[in-house]
Amino acid sequence: MLSKLAFRNMKRSARDYLVYLLTMSLISALMYTFNSLLFQNEAGKYYDAEDMLEVLVVLATVFIVWITAWLIGYMVRFMMGKRSREFGIYLLLGMKKGTIAKLYLQENILLGSFSLLLGMGFGILLQQILMAILFSMLRMTYHLHIALHPGTVIMTLLCYGCCFIVSLFRCRRKFKKMNIHDLLEAERRNEQIGEKHETLKQFLMPLSILFLFLFWALFGVLSNDIQICLFLIGLVLTIYLFYIGLSARIICYIRKGGKRIYRGQNLFLLRQFSGKIRTMQFTLGTLTALFTLALMGSSIALMFSAWQNSLLEYKFPFDILLYSPDPTDDFQDEIQFLEKRTEIQDLFPYRIYTDGGNRVNAWMLTHLQAWGTMFQNPDGTPDMDKIRQKLENESVYCTYDTYMGLSDYNTLRAMLGYEEINLSDTEYALQIKLRLEKEVRSVGDDLKLADADGSLSLSCGGIYTDPFSQDGHNGGDYLIVVPDQVLARMYPYYAELALDINGPAPLTLREELNELRYDKINDTMIGGTDISPALKGNRCYGSDTILVFNAVNEVRENLRSSLTYMLAALMIPLFYIGLVFLCVAVTVLSVQQLSDSARCRYHYDILSRLGVKESGIHRLILRQLAACYLCPALLAVLISGKMMLFAGKLFVFATGVPVSPGSFFLKSTALFFGIYLVYFAVTFISFCRNVSR
Amino acid sequence: MNNYIKVCDIEKYYGTASHVTKAIDRLSFSVNQGEFVGIMGASGSGKTTLLNLLATIDRVSSGHIFYENTDITALSEDALSEFRKHNLGFIFQQYNLLDTLTIEENIVLALTLQGGGKKKIRETCDRLLNLLHIEEIRGKFPYQVSGGQAQRCACARALANDPVLLLADEPTGALDSRSSRTLLETFTGLNQKLGATILMVTHDAFSASYCSRILFLKDGKIFHELIRARKPRKFFLQEILDVLSLTGGELPDAQ
């Protein structure tokens, strides 16, 4: 009989808390899908970032388990509260507390198992979709293969089980403490709303708004850890205190008899809204925090996605590009090896030259925004001591300036399909990364370089930003192209080999090249005796930050998919966290609203008797729900907006992604409100149905 | 049996140290086996508190309540739950039926908790359904039946354990006059034919007129007692109304 009762109760809970059931199914589907990356990831074996993806998915899973346990705990307590009278009856019938706890546990396990089964079914499909997307990002073919993997299933069961055990264990303790009288009286107590010290509490709202203003004004200029910590504490307090203040403000407004309460059904609406905020002010604060994290997670994921979409092609224009620190290297071994492994269409070994000076490096360090005035004397002239120190100790730029002859440059341009360029005897060209173009426009006025005779007569004849592999191969950030005769007074700095091949490169070519060239590169770079000390420091990475990938052996096909995989390893867990946080938070919001709909039925019934039409009641419900849904979402948008606009600016600046800094946040907000709207619509429809039932 | 239930000098306080409400004030009385006792009084007089104390829903602040030789004020939580299971039956104004179970299943659940085989449970259930005239609606859910039928189901469930005492808290409060009359006649039948001991809290004089004895409460104390003896019900009702009018108590709707 008890099992039957548990089953019936579970069915009722599934009906009453459909949104919760669906969210739990969605979460288990997501858990299954993302756990499959640990066990069924057939693409992973080809990439270095396999471990990174696994570690990040596990890390994300920890957060997901934690937040899901919170949701289950919240719902278990919430349902317990709503059913307190029923538990009282069980006690009156002579059931022991342990039996009731067991019954409730059974119900929740049944509900959980049902949503798990539903979710796993959906998860198997979702996993195929995720794999198909991942493979298509990696430009590999994926064959649909629908199957349950024991590892994935066990991992999903473990995660899901963990969430339940944690929350249900806590609820068992709650059962031990309850008594019949309190349970039977609980409903009446729930309806009591205490309104104390509202006049004082209302000032928390302007205080919170003031803090948010300060947050917007000062977020970017916080300079040390203490300031940041204090600001974060303030932010958390603001999130929670805002709702206390808002509710008190509305109550004070109503008490004062404000003008707006006499319009339409505003009085009813404001009372409903303030009551709702009051009863769930702490929950609303937590929901705001979850929304903020969800928005931030998806915004950051979109940043990486933008980098992948716009810069991955730009980064690797050559089919194969090999670096050698030894300028006399003729790459014979490599060419023989590549002839065997690929079909070479064209190849071109060349040298990067230097004049042993760092005039261009100094110009870069004093003119690019990334360095500000860090390398300038107070009068604005370059601080050469600091610059030399930087160049010798760090690898942003090579220790000396990097040059290339015009004929070599044009040969490489021809390989890449670009137009040839011309330079007069008194001109040089600047080949630079696209992201720095705007910052170096004054190079023509400022920077004169030495000609074949050594006199400073070369001026800038053009700036070129075509993709040219400038993360250490063809210079770091920049390369100065000079007429060939100028090279006569320079010496080779390091050697490069560019290749054009027919067809795609073998999947493991870069690894094979790394193996082949390991000794050669390492011996030469680390204390090789056959290299002149002047040539040391001929390896650099450029000034990119956040996403920096420097490879001695560049094989475009291999690197592109490697990086795509690495970016996927970052994006997938971020989207995973963002999506689950959002769904969890919006479920709590929906369940809170729907659980009230039965009680609201009487309110709306009275309004209807007072002459409000059905359409008017629906409008009222819409306004009531919209206010409750928008409040935490807007606060989260305000908070995460500032942080993500700031982060977006930094990201665009550091990586050169050609999109507006605000676009990441806008897109993620649109995504956020898309999902939000679905939940809102479901809640609105169910609410209207419950009210008119 | 005389002094079947004995209430000895009980007190019940609510509230905090700074604000104490005395709901029951040194109350003593006893109930004999087979009595149908009514408790009446104005709102806040302590009648529901008294019922809760007798029903083990709430605990006394001081004093003792004896069911035969068992002092329920000295029992542990688990022992109380066993005591309730075997000795008490409850009927509330709002029926308190489990909405996920059918009328029949609500009774079966109470019987299952008592233990016993399937055959015995089925027999008892059929007998109770028959006794309360609700066989026809046995397969329906509580929301599918009328208030009177739901209350009779609650009554059947309360009788499932063959209780020492049947406690009813405003049982006719949510019923129309016809259903109220049917239920009260059922109570009388149970009391007279089966010898059930019933304690009913009510503010309605008409309902109270079915009782054999009425205790009138005021400020947590018994201030008057009426015994029906062999008087006709209508005469007894008039007596109740007289007491109520004397004390300014609530006037009934059903006269």
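Calculation criteria
- Residues numbered from 1 in each chain as written.
- Chains lettered and ligands numbered in written order.
- Predicted model: local features only at pLDDT ≥ 70, side-chain atom pairs only at ≥ 80, totals over all residues.
- Heavy atoms only, no water.
- Helix = DSSP H or I, 4+ residues; strand = E, 2+ residues; numbered from the N terminus.
- Rg over C-alpha atoms; globule rule 2.2 N^0.38 Å.
- Buried < 20%, exposed > 50% of the residue type's maximum accessible area, 1.4 Å probe, protein only.
- Contact = heavy atoms within 4.5 Å.
- Areas by Shrake-Rupley, 256 points an atom, 1.4 Å probe, with all protein chains shown as cover.
- Lys, Arg positive; Asp, Glu negative; His and termini not counted.
- Charge placed at Lys NZ, Arg CZ, Asp CG, Glu CD.
- Pairing = 2+ DSSP bridges.
- Buried area = accessible area lost by both parts, 1.4 Å probe.
- Salt bridge = Lys/Arg side-chain N within 4 Å of Asp/Glu carboxyl O.
- Polar contact = N/O pair within 3.5 Å; in protein donor to acceptor, adjacent residues only side chain to side chain.
- Nonpolar A, V, L, I, M, F, W, Y, C, P; charged D, E, K, R; others polar.
- Domains from an automatic or database assignment.
- Axes fitted to C-alpha atoms, helices over the stretch in contact; angles between N-to-C directions.
- Parallel < 35°, antiparallel > 145°, perpendicular 65-115°, else oblique.
- Left-handed = near helix turned anticlockwise from the far one by under 90°.
- Phe/Tyr/Trp six-rings, centres within 6.5 Å; stacked < 30°, edge-to-face > 60°.
- Lys NZ or Arg CZ within 6 Å of the ring centre and 35° of its normal.

(A) Local environment of the overall build of chain B. Within chain B, the secondary structure is distributed over eight helices and ten strands. Against the globule reference of 18 Å for 255 residues, chain B gives a C-alpha radius of gyration of 18 Å, in line with a compact fold. Out of the 255 residues belonging to chain B, those deemed buried represent 55%. In chain B, the proportion of contacts linking residues at least 24 apart, taken out of those at least 6 apart, comes to 68%. For chain B, the accessible surface area stands at approximately 11,400 Å², while carbon and sulfur atoms represent 48% of it. Here chain B contributes 28 positive and 29 negative side-chain charges, whose respective centroids are spaced 4 Å apart.

(B) Spatial organisation of the sheet that holds strand β5 (residues 70–71) of chain B. With antiparallel pairing, four strands are arranged side by side in an open sheet as β2-β1-β4-β5 (chain B). Edge positions in the sheet fall to β2 (20–31) and β5 of chain B, since each has one partner strand and no second.

(C) Spatial organisation of the interface of chain A and chain B. Contacts between chain A and chain B engage 21 residues on the former and 27 residues on the latter. Considering only the side of chain A, the residues that lose the most area to chain B are Met1, Leu92 and Leu93 of chain A, jointly responsible for 30% of the buried surface there. At the junction of chain A with chain B, the criterion picks out three salt bridges. When the shortest N-O distance is used, the salt bridge between lysine 4 of chain A and glutamate 105 of chain B registers 3.0 Å. The tally of links from chain A across to chain B stands at five residue pairs in polar contact (both at pLDDT 80 or more). At the level of elements, α1 (2–16), α4 (84–92) and α7 (180–190) of chain A are the ones that each hand at least two residues to the side of chain A that touches chain B. Of the residues in the side of chain A that touches chain B, the class split is eleven nonpolar, three polar and seven charged.

(D) Representation of the environment of alanine 498 of chain A in the model. All names here are of chain A. Relative to the helices and strands, alanine 498 resides in strand β8 (residues 491–502). Take alanine 498: its relative accessible area is 0%, and that puts it in the buried class. Between the C-alpha atoms of alanine 498 and methionine 296, which are 202 residues apart in sequence, the distance is 41 Å. Once residues lying within four places of it in the same chain are set aside, the contact partners of alanine 498 are Phe318, Ile320, Leu321, Asp346, Leu347, Phe348, Tyr350, Leu412 and Met415.

(E) Fine view of the domain arrangement of chain A. Taken domain by domain, chain A comprises domain 1 (1–192) and domain 2 (326–538). Between the C-alpha centres of domain 1 of chain A and domain 2 of chain A there is a distance of 56 Å.

(F) Main features of the packing of helix α9 (residues 204–218) of chain A against helix α20 (residues 614–655) of chain A. All names here are of chain A. Their axes nearest at 9 Å, the elements α9 and α20 cross at an angle of 15°. Here α9 lies roughly parallel to α20, going by the angle between them. Relative to α20, α9 is oriented so that their crossing is left-handed. Residue-level contacts link Leu212, Phe215 and Trp216 of α9 to Leu635, Leu638, Ile639, Gly641, Lys642, Met643 and Leu645 of α20. A class-by-class count of the residues in the contact of α9 with α20 yields eight nonpolar, one polar and one charged.

(G) Representation of the packing of aromatic side chains in the model. Residues and elements named next belong to chain A. According to the stated counting rule, one finds 37 aromatic pairs over all chains in the structure shown. When the centroid spacing of 5.1 Å and the interplanar angle of 80° are considered together, the rings of phenylalanine 672 and phenylalanine 673 count as edge-to-face. On the accessibility criterion, phenylalanine 672 (4% relative accessible area) is buried. For phenylalanine 673, a relative accessible area of 25% corresponds to the partly exposed category. Through successive ring pairs, a cluster of aromatic residues spans Phe291, Tyr629, Phe672, Phe673, Tyr676 and Phe680. The residue whose ring lies beneath arginine 539 is tyrosine 323, and the NZ or CZ to ring-centre distance is 4.2 Å.

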